[in-house]
Amino acid sequence: MSKTLKRWGLYVGVILLVIAIDQAVEQFVVTNLQIGETWDGFSLFDGFITLTHSHNSGAAFGLFPIAANVFLILAIITVIGFTVFYPTLPDYAWMSRLGLAMTAGGALGNALDRIVYDGIVIDYVNVRLAPNFSNVSNLSDHMIVLGVAFLLVDQWLEERRRMQDELKSETIPGWWKDAVGYQIYPRSYADSTGDGIGDLPGMIEKLGYLKWLGIDAIWLSPFYPSPLFDVGYDIADYINIAPEYGTLEDFDRLLEEAHQRDIHIIIDLVLNHTSDEHPWFVQSRSDRDNPYRDWYIWRDGKEGGPPNDWVSTFGGPAWTFDEPTGQYYYHFFFERQPDLNWRNPEVKQVMFDVIRFWLDRGVDGFRLDAIGTIYEVEDLPNSDFSTPATETWLKRLEGEEWVEAGYDERMRYQIDLPENHTLMQELRTLIDSYDDRLLLGEVRKVEYYGNGIDELHSIFNFDLSDINRPDALAIKKLLAERLPTVPAGGWECNTFGNHDRSRSPHNFADGKYDRRRYEQGLALIMFLPGTPIVYYGEEIGMRNWPVTTLDGFRDGLGLFAYNLLVEHGVEPDEAVKRAQQYLSRDKCRTPMQWADAPNGGFSLDGAATWLPVNPDYADGINVADQRTDPGSLLHTVRRLAQVRRANIALRRGEFELLDTPDDVLAFRRIDQEQTCIVVFNMSDQPVTLKLGRRIHTGLFSNVEPGRLSIDFASLSLAAYEVIVVEE
């Protein structure tokens with residue numbers, strides 16, 4: 001039954017109940033009371049209220065107050081019962097509450113228009129609204145009319161809001177709203193050739209597994225030709241496949257076989273910069289007069305140094321001097337990743353052609369890398385930030401928290417400029433010219449949704465990823481502050497792990513309730529508004545595997561951290577340890593663990609894998625062992641995906657945060673067809689709650705999978721238990 005029908009069913013039910021009791025009481029009064037002599041009445045408050053009365057005689061008089069009180073009690077129970085104890089059925093707004101209250105109050109007034117005053121039954125209550133207005137007899141009827149009017153207006157506004165929301169939400173591809181996503185780091189997923197590097201044919205072989213797991217969309221990290229200084233995010237050719245991964249024909253086959261299984265493919269697109277080995281940059285740096293010179297950002301130095309005091313996000317200068325041409329080029333990231341000049345129309349045209357190239361091949365969307373960095377202020381003013389950027393990184397390498405506010409201030413001329421939003425609007429127009437394609441942005445700020453229909457379809461909720469632990473207070477605060485700012489038509493993307501972050505099973509672990517705590521993280525991204533993405537291997541609980549020697553680093557960020565520490569006097573062994581612990585991303589990119597077999601089943605026996613395989617594959621952290629164990633983490637992830645798919649409220653429902661104790665997070669997902677409640681005990685102690693007066697149908701519990709009947713009048717939750725119920 002739709003939410004609209006439920007709302008009006010409740011409205012009509014309350015009104016009919018109240019009026020039925022009203023009429024019964026009035027009929028009782030008329031039939032049973034002995035009406036005596038009628039008097040002319042008297043006035044109160046200088047005539048503002050006039051009462052017309054008659055004298056009652058007979059023993060029946062004593063029955064009237066009893067009937068009236070019974071009615072009053074029933075009316076109060078009805079109104080309070082629906083509006084307080086069962087508030088979620090109609091999704092109340094203040095106008096609907098007021099309308100119900102006025103309608104019930106008016107009916108109550110009708111029943112009591114023969115009230116008792118000093119032994120007299122008052123037949124009519126007349127209220128003069130103003131000296132020049134005629135009297136209004138029976139104010140109760142007017143209250144009913146006004147109450148029904150409020151209900152009608154509220155319903156009209158609700159329908160209007162619903163239609164607007166549906167219109168805007170139709171711009172988000174339906175497959176994305178219903179999907180469970182999965183990120184694959186191509187180099188580490190499945191090696192089909194034995195060279196120790198994952199490839200496209202290896203991915204194709206695993207599509208059946210992903211379908212079994214419940215995956216509907218795959219996000220592929222870069223697979224383009226690259227010198228791999230930033231392990232793929234330094235692209236040397238945007239419209240080809242790196243030979244170690246396969247060919248364009250392999251990619252086409254991946255698309256075809258994925259689509260046959262109703263799995264969508266999203267690919268990474270790096271718009272901000274290229275590799276310094278890209279032919280465009282090779283041409284650009286060859287001569288000041290080269291046609292490609294203005295495809296990148298070249299400037300003369302000032303006072304014997306860079307054009308200004310800007311820094312790279314990794315702490316060093318944002319400018320690198322090119323001695324042959326005598327100018328500096330700009331790079332927001334590493335010096336081997338020069339920024340494209342998006343103010344040049346030729347750059348925009350060629351990059352839009354790249355996007356069309358992949359859309360025409362059939363990709364379902366793009367994850368846009370680092371899109372907040374695309375433009376920088378054109379006249380290059382100094383940031384005038386006195387604290388050296390390296391100090392921020394050194395503090396992080398000592399374990400201190402990242403300070404986002406200071407970072408944004410330093411980078412204010414280099415990130416999130418208004419031109420970014422204009423470009424996102426142009427990209428949205430381009431991608432909307434194709435059917436059901438998606439733009440997912442690697443960006444934190446909800447401003448990149450635009451008005452909800454003119455910029456990105458979806459962005460990552462990195463504020464949630466940053467919490468990365470079961471912290472009910474922090475999560476409640478975040479959700480209460482962030483979700484209301486997401487415009488209708490915007491669609492969040494929820495994840496805890498990715499190729500840049502420490503693996504979530506590692507972060508959620510406490511040494512006692514490791515699995516339950518991590519299951520809460522998985523349930524959270526599955527059931528919050530938006531689309532969940534699971535990072536490869538986290539469905540089996542893959543953990544960080546640290547680099548222990550300098551030659552083990554493959555990630556340029558790890559090498560940057562090591563060199564920075566050594567420059568500031570840290571011993572080499574300690575520098576390796578800190579670099580891998582706090583900055584290196586190698587630890588979360590190790591090969592997928594498929595079986596208790598050599599190289600974890602990722603590659604052939606004897607192959608030298610590009611990164612070491614975590615040896616804990618022999619301890620059951622592999623797909624083969626967990627797939628045969630119904631109680632494994634892998635099966636829990638599969639059940640979570642199945643519960644999400646089977647319940648539309650958990651996929652598309654509106655969100656309502658519930659009032660709970662500090663260590664408990666609970667929210668309601670409300671769809672026209674269904675309402676579900678999700679409750680997390682994010683503490684190491686059992687809790688008992690009173691969240692209502694009903695018994696609900698259990699859909700999921702990570703502690704007691706068989707909990708099918710759950711009483712919300714006395715809801716018991718074990719340590720780190722999460723339950724999902726249907727109302």
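Residues numbered from 1 in each chain as written. Predicted model: local features only at pLDDT ≥ 70, side-chain atom pairs only at ≥ 80, totals over all residues. Heavy atoms only, no water.

Provide a residue-level description of the nonpolar core, including the pertinent values.
Within the largest apolar cluster, 120 residues are counted, with the highest numbers of intra-cluster contacts made by Tyr 182, Tyr 189, Tyr 209, Trp 358 and Phe 366. Ignoring sequence-local partners within four residues, the contact set of Tyr 209 consists of Tyr 182, Tyr 189, Glu 539, Met 592, Trp 594, Val 623, Arg 627 and Leu 634. Residues Phe 333, Phe 334, Leu 380 and Tyr 407 belong to the second largest nonpolar core, which totals 33 residues. (Core = buried A, V, L, I, M, F, W, Y, C linked by side-chain atoms within 4.5 Å. Buried < 20%, exposed > 50% of the residue type's maximum accessible area, 1.4 Å probe, protein only. Contact = heavy atoms within 4.5 Å.)

With reference to specific residues and values, describe helix α15 (residues 472-482).
All of the buried residues along α15 are Ala 472, Ile 475, Lys 476, Leu 478, Leu 479 and Arg 482. Viewed along the axis of α15, the buried residues span an arc of 165°, placing them on a single side of the element. (Helix = DSSP H or I, 4+ residues; strand = E, 2+ residues; numbered from the N terminus. Arc of directions from axis to C-beta.)

Explain the environment of Ala 719 residue by residue, including any values.
Take Ala 719: it is sitting in the loop between β24 (715-717) and β25 (722-726). Take Ala 719: its relative accessible area is 5%, and that puts it in the buried class. With 36 residues separating them in the primary sequence, Ala 719 and Ser 683 have C-alpha atoms 5.8 Å apart.

Account for the pattern of salt bridges, naming residues and giving values.
Applying the stated rule across the entire model yields 38 salt bridges. Here Glu 656 makes a salt bridge to Arg 668, at a shortest N to O gap of 3.4 Å. Of this pair, Glu 656 sits in strand β18 (residues 654-657) while Arg 668 sits in strand β19 (residues 664-670), placing them twelve residues apart in sequence. Overall, the relative accessible area of 7% leaves Arg 668 in the buried class. (Salt bridge = Lys/Arg side-chain N within 4 Å of Asp/Glu carboxyl O.)

I'd like to hear about the pairing of strand β11 (residues 319-322), residue by residue, with values.
As paired elements, β11 and strand β12 (residues 327-330) share four bridges and run antiparallel to each other. From the neighbouring strand, Asp 322 faces β12, where its bridge partner is Gln 327. Here β11 hands over to β12 after four residues, with Gly 326 in that stretch at a positive phi of 70°. (Pairing = 2+ DSSP bridges.)

Lay out helix α13 (residues 418-432) in plain terms, naming residues and giving numbers.
When the terminal C-alpha atoms of α13 are compared, their 21 Å separation across 15 residues agrees well with the 21 Å that a helix rising 1.5 Å per residue should span. Buried within α13 are the following residues: Asn 420, His 421, Leu 423, Met 424, Leu 427, Arg 428, Leu 430 and Ile 431. For α13, the elements touching its buried residues are α10 (345-361), β13 (365-369) and β14 (438-441). (Expected span 1.5 Å × (residues − 1).)

I'd love a proper account of unusual backbone geometry, names of residues and values included.
Phi is positive for Leu 228, close to 70°, though the residue is something other than glycine. Note on placement: Leu 228 falls in the loop between β8 (217-220) and α8 (248-260). According to the relative accessible area criterion, Leu 228 is partly exposed, its value standing at 24%. Here Asp 262, not a glycine, exhibits a phi torsion of approximately 60°, which is positive. For Asp 262, a relative accessible area of 53% puts it in the exposed group.

As far as function goes, none of this settles anything; it's purely spatial.
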